[in-house]
Amino acid sequence: MSPTLSRAVLRQRQFALRRIFSRHASTAEAAQAKTSEAASKASEGLSRAQASAGSALSKAGSAVGALGNAIGSIGGRTGRLVGFVNSLIPPTIHYSKVGLELGKLIFEGRKMSPPSMATFQTYFQSAFNSIRSTSAASGTANPRSALQQVRNLSTAELTAAGVVLAEVLGFFSIGEMIGRHSINPMDVFKLLTRSTKISRSQTARPSNAKLPSTGAPSNPQLFGNGDDSQGKSNLGKRKRGGAAASEFAKNASEPGDRTSMSNGDTKIHTNGEETSGQVSGRPTGRQPQEECLRILRSHKVKIVVLDSEPKQSKESTGLKKSKKEKGSSKESGSGSKHKQELFPQPLVSFDQLRTQYNISRRLLSNIKDQGYVVPTEVQLASIPLLLDPAKSLANSDSFVDTDAPDLLSIAPTGSGKTLAFLIPILHRLISERKKSKSETEEHGLKAIVLAPTKELASQIANEGRKLALNTGIKVTLFRKGMKIGTSLERVGDEEQSDNESDVDDHEKRAALEIKSHVLVSTPLALLNSLSSDDGKERSLPTVQQLVLDEADVLLDPLFRDQTLGIWKKCTNSNLQSTLWSATISSSIEEIATNFWKDRRRPSKNDASSESKSLLLRLVVGIKDTAVPNIDHKLVYAATEQGKLLGLRQLIHPSAPQGEAGPSLRPPFLVFTQTIPRAVALHSELLFDIPPEAGGASRLAVLHSDLSEQARDRVMTRFRKGEIWVLITTDLLARGVDFRGVNGVVNYDIPNSAAAYVHRVGRTGRAGREGGVAVTYYTKEDIPYVKNIANVIAASERSRGDEKTTIEPWLLNALPTPSKRDKQLLKKRGVPARSVNALNGKGDGKGPAAARISTKSGFERRMENKRKAAKSHHQSDRNDAVVKHVLEENESEFEGFDD
Ligand SMILES: Nc1ncnc2c1ncn2[C@@H]1O[C@H](COP(=O)(O)OP(=O)(O)OP(=O)(O)O)[C@@H](O)[C@H]1O
């Protein structure tokens, strides 16, 4: 064959190869699309890192390609061979990316597992054998015979070989690398773009490590499914995983069906008719009280009657003493010595909402559409009680004769309290709507949910809208400037907005008269709207249900007057009030109970105030303890500089790990004590994430001094996974639900044990495993850190760990803060880094001790500008974001010591 002819044949083969590659590429892209669809919002962030790595790979590929071209121009046989190899590089790079995505599946513990070394070897066994055999080696080493062999191959053989080679290279090299070594996306990025050598010891993580961002939790329940027939707590016996939970739900009873519900070793038989524990004259199809008790105990749920209406005796409220009550049961809080314990029918599956509590089909399907299958502990116990207390206590020795008990509910962070209060509200409104004959009948505002922050209120309203979809119930986020409408005509779903963007415009909002069945609001915005310009105060007589979410904050001095002000304006004598939080101290409980008693005291002129009422308290788990499914790390950093170094190590996971510091993967939240510190920390770290991985756009700050729109924007970007590290204040410490947050960093220690519980509760939501909470403390924090150490130790013990990460010597060595110290800390935070200290008005230890940056504000800004200019050359897109961030930053942050 002449050289011209062989060149033509080679070109033809390359063309055929490219066609096949592009066909395979589209299949691969479809697979990739499915992968990213399955990934959770937060893992989108991670995929982006990997995509960055992919693009870096491509760049590297083109560089190699260019080199190949240069070599190819050498000419002759060697040149052609090099040219052929060169043509294989782009598809190889492409398939490497496919391998990378497959590796991601492996890495994230999805359906695939990495191929074993043995499988790998079988692919290459023949090649290995050939290499070992000298004769074969000399044969293949001869370029003339190698070229001849290539020429003898048919086009089909050649293309097939090329595809297999590219796939094998791509899958095994990158997929195997990521899957086997569990390399962090950031490490991959570094490995591929900066040639950073990452030793196995630095990158190796337990192969079974699960991250909260890796998708839906298999079991949203935190406790339970263990045998607890003695009614003892099952500390340390928590069985996790989907099997137990789904079985729990699957076996839930249907009316008329004889089913057996397995709850660990607990067997409950129900048949839609009488059960062995059935109490004559009461509704049937229920579990006997002993079984209810057993389930509730195994899920660590306890419900007691805090107080019944003062003027009514237990006889008249229909409340009987249970056997247990007759024994001595000592409870703390709100003054009462003995508290009646209740054992309502637990809700073992959401299907029971329809079969036993007759909720609307639409509401049930909306619940299911959200992917909720197994009720969490707080839902399991509270929803039946709120939907129909008499029915839920039907087979119990204790039953209550009231339609709407008031409830104080204390359940861990991320345990689904929102759903627990929204379902009963919506059910009641839907039922009333059905009962009303006239289409035009005035319905009015029926329910109010109060939350301490706009972010949380917005989240609850969104959740409410999803559940109320097509039910005819309107849920509205109430914002500053809105007015409550005086009447409410029948509202259709078309009037519902799926998000709050339609009310972003302040002017429009000012004129907006809200007509809604359910309002979700912060207390001040709502209270202000109730006082009219002529000085007249409006009340809310139509409101039947009031929810205080994060009730301990709402009843804290900061919000107390506003919250109680609204509560008082809900003048309906049948108002049902429910209070929810992960932490409610006995003093807050007392305030709530006293207020409740005052409200319930029958007034002389109002006969209807003689209504039957009851205040219940529901506790899930151990009060005021962090969820058991997260890992806590308390790190002594000595100084502010030590903390900064520690945080930088977290942002750059390739820095030495292990003893030097804990490992944490983005996305994560970083909490500071004050707004200026959050802004300063953001400014300090702005350029720590390399531009190729998104640079400054991956980092953001969120605090209450930002405009509402800016706050919404950051929240949306963080939820989408575009932001990896979000620096914030206690504004985001409560209630806010980011499903995929892998960790929380307390850059500044929280100002109370409760604040710690809530901050770290932003990870490990709905039973997700793998969340990490890192808390740094310095010399200045030592007087205050014992409370936090105690919470960590209690949380670790609550999951059955014999040894906690808090060494006993440390607990002994740390000083116990006095009550006054605790109060001051709660009010002002650690004095050395309070705003006063930063302004030089403190105890003289600040601002130097409290300064985050190693540089002055001016120096930091100059340096950031230099870095921004440099990054301009690297990426236009990043530069735009950086510029924007810098502008936003500069207008807010003037530095501490300029
Ligand atoms: N039954 C369930 N199954 C699975 N996930 C659930 C269930 N109920 C709620 N969730 C999810 O759990 C997460 C936490 O719920 P929610 O925000 O209501 O928790 P919370 O108890 O109010 O937490 P916090 O005390 O922090 O406010 C949400 O993402 C929610 O969608």
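Residues numbered from 1 in each chain as written. Predicted model: local features only at pLDDT ≥ 70, side-chain atom pairs only at ≥ 80, totals over all residues. Heavy atoms only, no water.

Asker: Would you take a moment to explain the nonpolar core for this structure?
Answerer: Nonpolar side chains tend to gather and get buried jointly when the protein is soluble and globular. In this structure, Leu353 and Leu634 are the most contacted members of the largest nonpolar core, which totals 81 residues. Counting residues per element, this core draws most heavily on helix α18 (residues 417–435), which supplies nine residues. Counting only domains with at least three residues in this core, you end up with domain 1 (350–435 + 443–484 + 514–598 + 612–620) and domain 2 (630–654 + 661–850). Counting 36 residues, the second largest nonpolar core, distinct from the first, contains Ala551, Leu555, Ile566 and Ile588. (Core = buried A, V, L, I, M, F, W, Y, C linked by side-chain atoms within 4.5 Å. Buried < 20%, exposed > 50% of the residue type's maximum accessible area, 1.4 Å probe, protein only. Helix = DSSP H or I, 4+ residues; strand = E, 2+ residues; numbered from the N terminus. Domains from an automatic or database assignment.)

Asker: What exactly am I supposed to notice about the environment of Gly472 here?
Answerer: Of note, Gly472 is situated in the loop between α19 (454–468) and β7 (475–477). Along the backbone, Gly472 and Leu429 are 43 residues apart, and their C-alpha atoms lie at a distance of 9.3 Å.

Asker: Looking at this structure, how should I read the environment of Ala794?
Answerer: One can find Ala794 in helix α29 (residues 786–798). Between the alpha carbons of Ala794 and Ala626 there is a distance of 8.1 Å; along the sequence they are 168 residues apart.

Asker: Would you take a moment to explain the site of the ligand for this structure?
Answerer: Tyr372, Gly414, Thr418, Asp737 and Arg765 are the nearest of the 22 residues found near the ligand. Lys417 is positioned such that a nitrogen or oxygen atom in its side chain is 2.8 Å from an oxygen atom of the ligand. Within the side chain of Arg739, a nitrogen or oxygen atom sits 3.1 Å from an oxygen atom of the ligand. In isolation the ligand exposes 640 Å². Once the protein is present, 94% of that is buried. Across the shell around the ligand, the residue classes break down as eight nonpolar, eight polar and six charged. Taken together, domain 1 (350–435 + 443–484 + 514–598 + 612–620) and domain 2 (630–654 + 661–850) each give at least three residues to the shell around the ligand, which thus spans both. (Near = heavy atom within 4 Å. Polar contact = N/O pair within 3.5 Å; in protein donor to acceptor, adjacent residues only side chain to side chain. Areas by Shrake-Rupley, 256 points an atom, 1.4 Å probe, with all protein chains shown as cover. Nonpolar A, V, L, I, M, F, W, Y, C, P; charged D, E, K, R; others polar.)

Asker: Looking at this structure, I do not really get the environment of Ser458. What am I missing?
Answerer: With respect to the secondary-structure elements, Ser458 resides in helix α19. Accessibility expressed as a relative area gives 10% for Ser458, which makes it buried. As a C-alpha pair, Ser458 and Leu477 span 19 residues in sequence and 6.1 Å in three-dimensional space.

Asker: Please explain the side chain of Glu796 as it appears in this structure.
Answerer: Along the chain, Glu796 turns up in helix α29. Within the buried set, Glu796 has no salt-bridge partner at all; the shortest N-O distance to an opposite charge, 4.1 Å, is to Arg799. When neighbours within four sequence positions are excluded, Glu796 is seen to be in contact with His632, Asp801, Thr804, Thr805 and Ile806. (Lys, Arg positive; Asp, Glu negative; His and termini not counted. Salt bridge = Lys/Arg side-chain N within 4 Å of Asp/Glu carboxyl O. Contact = heavy atoms within 4.5 Å.)

Asker: Explain helix α23 (residues 557–569) here, please?
Answerer: An α-helical turn contains 3.6 residues, so a residue and the one three or four places further along point in the same direction. In this model α23 runs 19 Å from its N-terminal to its C-terminal C-alpha over 13 residues, within 8% of the 18 Å that 1.5 Å per residue would give. If you check which residues of α23 are buried, you get Phe559, Gln562, Thr563, Leu564, Gly565, Ile566, Trp567 and Lys569. Taken together, the buried residues of α23 touch β6 (447–450), α21 (523–530), β11 (545–549), α22 (551–554), β12 (576–581) and α24 (586–600). (Expected span 1.5 Å × (residues − 1).)

Asker: What is the right way to read the pattern of salt bridges from this model?
Answerer: Any two side chains of opposite charge can pair if their charged atoms end up close together. On inspection of all chains with the given rule, the structure shows 30 salt bridges. Here Glu589 ties to Lys623 by a salt bridge, and the two come within 3.8 Å at their closest N and O atoms. Separated by 34 residues along the polypeptide, Glu589 in helix α24 and Lys623 in the loop between β13 (614–620) and β14 (630–638) bring together distant segments of the chain. Glu589 gets classed as buried once you look at its relative accessible area, which sits at 0%. Notably, a salt bridge pairs Arg833 with Asp781, separated by 3.0 Å at the nearest N-O pair. With Arg833 in the loop between α31 (819–828) and α32 (835–838) and Asp781 in the loop between β19 (771–778) and α29, this pair connects stretches of sequence that are 52 residues apart. The residues Arg833 and Asp781 share a single accessibility class, namely buried. The structure contains a network of salt bridges with shared partners spanning Glu640, Lys643, Arg677, Asp748, Asp781 and Arg833.

Asker: Is there a simple way to explain the side chain of Arg759 in this structure?
Answerer: Following the sequence through the fold, Arg759 ends up in helix α28 (residues 753–760). Separated by 2.7 Å, the side chains of Arg759 and Asp730 make a polar contact. Side-chain polar atoms of Arg759 contact the side chain of Asn746, separated by 3.0 Å.

Asker: What am I meant to see in the packing of aromatic side chains here?
Answerer: Two numbers describe a pair of aromatic rings. These are the distance of the centres and the angle of the planes. The tally for this structure, following the rule as stated, stands at four aromatic pairs. Here the aromatic rings of Phe421 and Trp580 are separated by 5.6 Å at their centres, their planes lie at 55 degrees, and the arrangement is tilted. Of this pair, Phe421 sits in helix α18 while Trp580 sits in strand β12, and the two are 159 residues apart along the sequence. For Phe421, a relative accessible area of 2% corresponds to the buried category. Judged by centre distance (4.5 Å) and plane angle (45 degrees), the rings of Trp567 and Phe595 are tilted. Taken together, the positions of Trp567 in helix α23 and Phe595 in helix α24 put the pair 28 residues apart, joining distant regions of the chain. (Phe/Tyr/Trp six-rings, centres within 6.5 Å; stacked < 30°, edge-to-face > 60°.)

Asker: Looking at this structure, how should I read unusual backbone geometry?
Answerer: Most peptide bonds adopt trans geometry, and most residues besides glycine take a negative phi value. Cis geometry is found at the peptide bond from Pro666 to Pro667, where omega equals 0 degrees. Its place among the elements puts Pro667 in the loop between α25 (640–651) and β15 (668–671). Not every positive phi belongs to a glycine, and Asn470 is a case in point at roughly 60 degrees. Here Asn470 is to be found in the loop between α19 and β7. One non-glycine residue, Asp624, adopts positive backbone phi at about 60 degrees. If you trace the backbone, Asp624 turns up in the loop between β13 and β14.

Asker: How should the confidence of the model for the protein chain be read in this particular structure?
Answerer: Predicted coordinates in regions of low pLDDT should not be interpreted in detail. The pLDDT averaged across the protein chain works out to 71; a share of 54% of its residues lies at or above 70. Segment residues 310–336 is flagged for pLDDT under 50; beyond a separation of four residues in sequence, or across chains, it makes 59 contacts in the model. Predicted confidence is poor over residues 888–898, with pLDDT under 50, and the contacts of this stretch with residues over four places away or in other chains come to 28 contacts. Across the whole predicted complex the pTM is 0.68, and at the interface the ipTM reaches 0.99. (pLDDT = per-residue confidence, 0-100.)

Asker: Any chance you could explain the sheet that holds strand β17 (residues 725–728) here in plain terms?
Answerer: Hydrogen bonds between backbone groups are what pair the strands of a sheet, and the pairing can be parallel or antiparallel. Strand order in the open sheet made by the six strands is β14-β19-β18-β15-β17-β16, with parallel pairing throughout. Edge positions in the sheet fall to β14 and β16 (699–702), since each of these pairs with one other strand and no more. Each strand of the sheet is rotated relative to its neighbour by a mean of 20 degrees, with strand direction disregarded. In the sheet, β16 pairs with β17 via four bridges, with the strands oriented parallel. Counterpart to Ala700 in the pairing with β17 is Leu726. Sheet contacts for α25: β14, β15, β17, β18 (743–746) and β19; angle to β19, the most-contacted strand, approximately 160 degrees. (Pairing = 2+ DSSP bridges. Axes fitted to C-alpha atoms, helices over the stretch in contact; angles between N-to-C directions.)

Asker: Explanation requested: the packing of helix α15 (residues 361–369) against α19 in the structure shown.
Answerer: For any two helices packed against each other, the geometry comes down to the angle between their axes and how far apart the axes lie. Their axes nearest at 7 Å, the elements α15 and α19 cross at an angle of 125 degrees. The angle between α15 and α19 falls in the class oblique. Mapping the contact onto sequence places Leu363, Asn366 and Ile367 in α15 and Lys466, Leu467 and Ala468 in α19. Here the residues of the contact of α15 with α19 are counted per class, giving four nonpolar, one polar and one charged. (Parallel < 35°, antiparallel > 145°, perpendicular 65-115°, else oblique.)

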